[in-house]
Amino acid sequence: QVQLVESGGGLVQAGGSLRLSCAASGRTFSSYAMGWFRQAPGKAREFVAAISWSGGRTYYADSVKGRFTISRDNAKNTVFLQMNSLKPEDTAVYYCAARNRVVPGTESFEYAYAYWGQGTQVTVSS
């Protein structure tokens, strides 16, 4: 089992940047594929980005491609989401998620992830 704690959220102006971190407990972090999802007020939670256990493969939602970068440091049990050129529509609670049963093609589906953090709020002002 793994526990996840997000940090790094906050208030930023449009065009600005933030870096989210997700710290994981446990000694088997490197065996988990990781993902970031977000949920805006009144909307369903949606996929943002995912990364394989080794960091060798990354996946992005079309809405963030070219602006966000997911990465991981297995030595520090941490996954990151670098968010640049932020837009007001990026405002949401951002969640980190982990999965250790990887089925190719399911990176963007919530059901594929067994463990979730509590979320961190990102607010982008116009």
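Residues numbered from 1 in each chain as written. Predicted model: local features only at pLDDT ≥ 70, side-chain atom pairs only at ≥ 80, totals over all residues. Heavy atoms only, no water.

Asks: Could you clarify how one ought to interpret the sheet that holds strand E8 (residues 78-83) in this entry?
Replies: Note on sheets: strands pair through backbone hydrogen bonds, and any given pair is parallel or antiparallel. The four strands are arranged E1-E3-E8-E7 in an open sheet whose pairing can be described as antiparallel. Edge positions in the sheet fall to strand E1 (4-7) and strand E7 (68-73), since each of these pairs with one other strand and no more. Shown here is a sheet whose adjacent strand axes are inclined to one another by a mean of 15°, direction ignored. Where strand E3 (residues 18-24) and E8 come together, six bridges link them in antiparallel fashion. (Pairing = 2+ DSSP bridges. Helix = DSSP H or I, 4+ residues; strand = E, 2+ residues; numbered from the N terminus. Axes fitted to C-alpha atoms, helices over the stretch in contact; angles between N-to-C directions.)

Asks: I tried to follow the side chain of Thr91 on my own but got confused; where do I start?
Replies: In this fold, Thr91 is placed in the loop between E8 and strand E9 (92-99). Side-chain polar atoms of Thr91 contact the backbone oxygen of Pro88, separated by 2.9 Å. A polar contact is formed between the side chain of Thr91 and the backbone nitrogen of Val124, at a distance of 2.9 Å. (Polar contact = N/O pair within 3.5 Å; in protein donor to acceptor, adjacent residues only side chain to side chain.)

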